[in-house]
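# Close look at the chain arrangement
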Amino acid sequence: MPTSLNKQGYIYAVLAFLMWGLAPIYFKQLDHIDALEILTHRIVWSVLFLLAIIALMKQWHKVAPVIKQPKLVLLLCLSSTLLGFNWGLFIWAVNNGHMLDASLGYYINPLLNVLLGVVFLAERLRKWQKVAVGLAVAGVSLQVISFGSFPVIAFSLASSFAIYGLLRKKMPVESLPGLLLEALILLPAAIIYWWVSEPSTTTNMAQNSDLINLLLISAGIVTTLPLLCFIAAAKRLAYSTLGLFQYIGPSLMFVLAVALYGESFSTERIVTFACIWSALALFSWDTYRSSK
């Protein structure tokens, strides 16, 4: 792969995970609003934001060919479902005191990327990478055995986003047109929910404060920019390499959860996090060593 594409991939990856890592600060400003209502705004404003970008960049010609391919549209329906689920669960986790679980999920995610890369993309694991994956599995297993609890939220976030990333990497669809079509696929469900759900104190935007409306509308930008960067990075980097950058986001989330929002870092979490951190450190060291 050309060096210029590698450099572009690194830049896109760093930007994506920095934005995702800081996203909880944004969603915490809306924690008095139901997660599904925020998700509806994420979808609606993402569609409008993406339509504006497509129009400005004059990329309509890249959208039409995709629509004419039923298999691609079906795959986009699957990827959009995973994306919508991931968006909604992340909002709920952040705004209901489970930011550490979200952080753990995105720590696990790079290691799932590695496994998916091996299974579906014929990428090979070196010896120390296998040990790293084993450490991660051990950390989750210890939590299940010792504390009788499985990190459901963390694994749901990790697996949905890992599979989403794999699908987008395999699809011959450019990042911007693909993301627009995914958002458009989710739009009918968002509109139906908005129409049939019980009205809340923030449902009528005409009665909201300017700040609340600005935050709700900004959901489109907060949602779209990091995703565009992530998809662009996934197109330019090996899937296992992309995993190296992916713990920037959860590290920021972890610091925010413990230092700013006061979530409890219990013994159960310490064991699991320690194994995941060790796995990521080993994986990073091995990747750096091999690149030398």
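The text that follows walks through the structure, step by step, so that each part is easy to find. Computed from a predicted model, the values in this text were never measured in an experiment.

Calculation rules
Residue numbers here run from 1 along each chain, matching the order of that chain's written sequence. Whole-chain, interface and lining totals are the exception, using all residues; otherwise, since this is a predicted model, local features are given only for residues with pLDDT of at least 70 and side-chain atom pairs are given and counted only at 80 or more. Working from all heavy atoms in the structure, the side-chain values ignore hydrogens and water. Two aromatic rings from Phe, Tyr or Trp, using only the six-membered ring of Trp, form a pair when their centres are within 6.5 Å; if the ring planes differ by under 30 degrees the pair is stacked, by over 60 it is edge-to-face, and anything between is tilted. Counting as a charge over the ring demands two things of the Lys NZ or Arg CZ atom: a distance within 6 Å of the ring centre and an angle within 35 degrees of the ring normal. To qualify as a helix, a DSSP run of H or I must reach at least 4 residues; to qualify as a strand, a run of E must reach at least 2; elements of each kind are numbered from the N terminus. Note on geometry: axes are C-alpha line fits, over the in-contact stretch for helices, and angles between N-to-C directions span 0 to 180 degrees. When an angle is under 35 degrees it counts as roughly parallel; over 145 it counts as roughly antiparallel; between 65 and 115 it counts as roughly perpendicular; any other value is oblique. Helix crossings get a hand from a simple test, with the near helix turned counterclockwise from the far one by less than a right angle marking a left-handed crossing and a clockwise turn marking a right-handed one. By definition, residues are in contact when any of their heavy atoms lie within 4.5 Å. As a working rule, the residues Ala, Val, Leu, Ile, Met, Phe, Trp, Tyr, Cys and Pro are called nonpolar, Asp, Glu, Lys and Arg charged, and the rest polar, with Gly in that last group. By definition here, a salt bridge exists when the distance from a side-chain nitrogen of Lys or Arg to a carboxyl oxygen of Asp or Glu is within 4 Å.

## Topic: the packing of aromatic side chains
Enumeration over the complete set of coordinates arrives at 20 aromatic pairs. Of the aromatic side chains, those joined through ring pairs into one cluster are Phe17, Trp20, Tyr26, Phe27, Phe90, Tyr106, Phe161, Tyr164 and Phe230. Here the guanidinium or amino end of Lys28 rests over the ring plane of Tyr261, the centre of that ring lying 5.1 Å away.

## Section: the environment of Val152
Topologically, Val152 is positioned in helix α7 (residues 152-170). Spatially, the C-alpha atoms of Val152 and Leu252 are 21 Å apart, while their sequence positions differ by 100 residues.

## Regarding the packing of helix α2 (residues 35-57) against helix α4 (residues 70-95)
α4 packs onto α2 with a crossing angle of 135 degrees between their chain directions and a minimal axis gap of 9 Å. Classified by the angle their axes make, α2 and α4 are oblique. Taken as a pair, α2 and α4 cross one another with a handedness that is right-handed. For the pair formed by α2 and α4, the contact residues are Ala35, Ile38, Leu39, Arg42, Ile43 and Ser46 on the first element and Gly84, Trp87, Gly88, Ile91, Trp92 and Asn95 on the second. Residue composition of the contact of α2 with α4, by class: 7 nonpolar, 4 polar and 1 charged.

## Things to note about the pattern of salt bridges
Across all of its chains, the model carries 2 salt bridges by this definition. Residues Glu174 and Lys62 are paired through a salt bridge, measuring 3.1 Å at the closest nitrogen-oxygen approach. With Glu174 in the loop between α7 and α8 (175-196) and Lys62 in helix α3 (residues 60-67), the pair connects residues that are 112 residues apart, well separated along the chain.

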